[in-house]
Amino acid sequence: MTQTLTLSALTAEAFAPFGDVMDVSGAPDKIINQGLCGRHHDRARLDFGDGRAGISLFNAEPRQFPITLDMVERHPEGSQAFIPMSLHPFVVVVAPDEDGKPGTPRAFVTSAGQAINLHRGTWHGVLTPIHAPGLFAVVDRIGEGANLEEHWFETGYEIVEGAQSR
Ligand SMILES: NC(=O)N[C@@H](O)C(=O)O
Ligand code: NI
């Protein structure tokens, strides 16, 4: 029987076991460019193992609710950052690791202007926009060897909007 996941608003605290939330909330770490720019410095823990950092652009199809989640994946060799190239919120699914398998997933919805960085080896749903354009810069590992482990759920999940995501 399909289980339901209800969206929660993404917060750095709730996401901390899984990765980093990047946004310009709070004061910048440094004012630069003749006072015309606030630098929110070094906000993510990147890790590319024996590979190197790469920046790719994703043009992803927006999903409609309820969103079916039948798989999560992880990248054992590197972190992966999703940086939206629009101000649209998007859905982020993560799950704890339980002896090499994902536990119960958590579904979050970002606020406008928020980006995320998944820590190396974190179980996650694939990039999931909910508005067009689904344009993202993705920073992840470029290198040799397999860096993708998938887990397909026997019974999937349906992701539904919560009150806060309207
Ligand atoms: N496969 C790929 O490049 N992207 C996925 O890892 C993803 O998390 O969307
Ligand atoms: Ni991924």
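Each chain has its residues counted from 1, running along the sequence as written. Written order determines the labels here, with chains lettered from A and ligands numbered from 1. A pLDDT threshold of at least 70 governs which residues receive local features in this predicted model, and a stricter bar of 80 or more applies before side-chain atom pairs are shown or counted, although totals over entire chains, interfaces and linings include all residues. Calculated side-chain values reflect all of the structure's heavy atoms, with hydrogen atoms and water omitted.

- Labelled according to an unreviewed UniProt entry, the chain appears under the name Ureidoglycolate hydrolase, originating from Pseudosulfitobacter pseudonitzschiae.
- UniProt positions are given in the numbering used here, feature names are shortened, and annotations may be inferred rather than shown by experiment. Looking at the chain in UniProt, the text filed under Subunit (unreviewed entry) is "Homodimer."
- Per its UniProt entry, the chain bears the Catalytic activity (unreviewed entry) comment "(S)-ureidoglycolate = urea + glyoxylate".

Describing the overall build of the chain
Next, step 1: Only DSSP runs of H or I covering at least 4 residues are called helices, and only runs of E covering at least 2 are called strands; the numbering of each starts at the N terminus. Of regular secondary structure, the chain possesses 1 helix and 17 strands.
Next, step 2: For 166 residues, the compact-globule estimate of 2.2 N^0.38 gives 15 Å, and the chain sits close to it at 16 Å.
Next, step 3: Overall, the C-alpha framework of the chain stretches about 60 × 40 × 30 Å when taken along its three principal axes.
Next, step 4: Burial status follows relative accessibility: with a 1.4 Å probe on protein chains alone, a residue under 20% of its type maximum counts as buried, one over 50% as exposed, and anything between as partly exposed. Residues counted as buried form 42% of the 166 residues belonging to the chain.
Next, step 5: Long-range pairs, those at least 24 residues apart, make up 82% of the contacts in the chain with a sequence separation of at least 6.
Next, step 6: Using a 1.4 Å probe, the Shrake-Rupley method yields the accessible areas, and only the shown protein chains count as cover for residues. Of the roughly 9,100 Å² that the chain leaves accessible, carbon and sulfur atoms contribute 51%.
Next, step 7: The charge count treats Lys and Arg as positive and Asp and Glu as negative. His and the chain ends do not count. Charge coordinates come from a single atom per side chain, which is NZ of Lys, CZ of Arg, CG of Asp or CD of Glu. Of the charged side chains in the chain, 12 are positive and 21 negative; the average position of the first set lies 6 Å away from that of the second. We compute the radius of gyration from the C-alpha atoms alone; for a globule the expected value is 2.2 Å times N to the 0.38, where N is the number of residues. Residues are treated as being in contact if the distance between any of their heavy atoms lies within 4.5 Å.

Points about the coordination of the nickel ion (ligand 2)
Each angle at a metal carrying four tetrahedral donors should ideally be 109.5 degrees, and each at a metal carrying six octahedral donors should ideally be 90 or 180 degrees.
Next, step 1: Sites may look incomplete because water is not among the atoms; the donors themselves are N, O and S atoms within 2.8 Å of the metal, or within 3.2 Å for Na, K and Ca. Coordination of the nickel ion (ligand 2) by the protein involves E73 (OE), H75 (NE2), Q80 (OE1) and H124 (NE2), with metal-donor separations of 2.1 to 2.2 Å.
Next, step 2: Taken together, the 6 donor atoms coordinating the nickel ion (ligand 2) and their angles of 74 to 177° define a geometry best described as octahedral.
Next, step 3: Read N to C, the donor residues that coordinate the nickel ion (ligand 2) are spaced as E-x1-H-x4-Q-x43-H. Placement of the pair is H75 in the loop between β7 (67-74) and β8 (80-84) and H124 in strand β14 (residues 123-124), with a sequence separation of 49 residues.
Next, step 4: A relative accessible area of 10% means that H75 is categorised as buried.
Next, step 5: Relative accessible area serves as the criterion here: at 1%, H124 is assigned to the buried category. A site with four donors is called tetrahedral when every donor-metal-donor angle falls between 85 and 135 degrees; four donors are called square planar, and six octahedral, when opposite donors sit more than 155 degrees apart and all other angles fall between 65 and 115; any other arrangement is irregular.

As for unusual backbone geometry
Next, step 1: A cis amide bond, omega -5°, links F65 with the succeeding residue P66.
Next, step 2: With respect to the helices and strands, the residue P66 is situated in the loop between β6 (52-59) and β7.
Next, step 3: Here A132 and P133 are connected by a cis peptide whose omega angle stands at 0°.
Next, step 4: Mapped onto the elements, P133 comes out in the loop between β15 (128-129) and β16 (135-142).

Some points on the pairing of strand β12 (residues 106-109)
Next, step 1: Only strands joined by at least two bridges in the DSSP assignment are considered to pair. With 2 bridges joining them, strand β2 (residues 8-9) and β12 adopt parallel strand pairing. Its bridge partner being in β12, S8 is matched across the sheet by F108.
Next, step 2: Relative to β12, strand β9 (residues 90-95) is paired through 4 bridges, and the arrangement is antiparallel. Note on β12: the bridge partner recorded for V93 is A107.

Re the site of ligand 1
Next, step 1: Put simply, a residue is near a molecule or strand once any heavy atom of it comes within 4 Å of that molecule or strand. In the neighbourhood of ligand 1, the contacting residues comprise F58, E73, H75, Q80, F82, H124, V126 and L127.
Next, step 2: In protein, a polar contact requires one atom able to donate a hydrogen and another able to accept it; more generally it is a pair of N or O atoms within 3.5 Å, and residues adjacent in sequence count only if both atoms are side-chain atoms. Between ligand 1 and L127, the relevant distance is 3.0 Å, taken from an oxygen atom to a main-chain nitrogen or oxygen of the residue.
Next, step 3: When isolated, ligand 1 has an accessible area of 270 Å², and the protein chains bury 72% of it.
Next, step 4: Looking at the shell around ligand 1 residue by residue, the classes come out as 4 nonpolar, 3 polar and 1 charged. The residue classification treats Ala, Val, Leu, Ile, Met, Phe, Trp, Tyr, Cys and Pro as nonpolar and Asp, Glu, Lys and Arg as charged. All others, Gly included, are polar.

Observations concerning the side chain of H119
Next, step 1: Secondary-structure assignment places H119 in the loop between β13 (115-118) and β14.
Next, step 2: Look at H119 and you get buried, because its relative accessible area is 9%.
Next, step 3: Those residues in contact with H119, other than ones at most four positions away along the chain, are A16, F18, G19, D20, R45 and S79.

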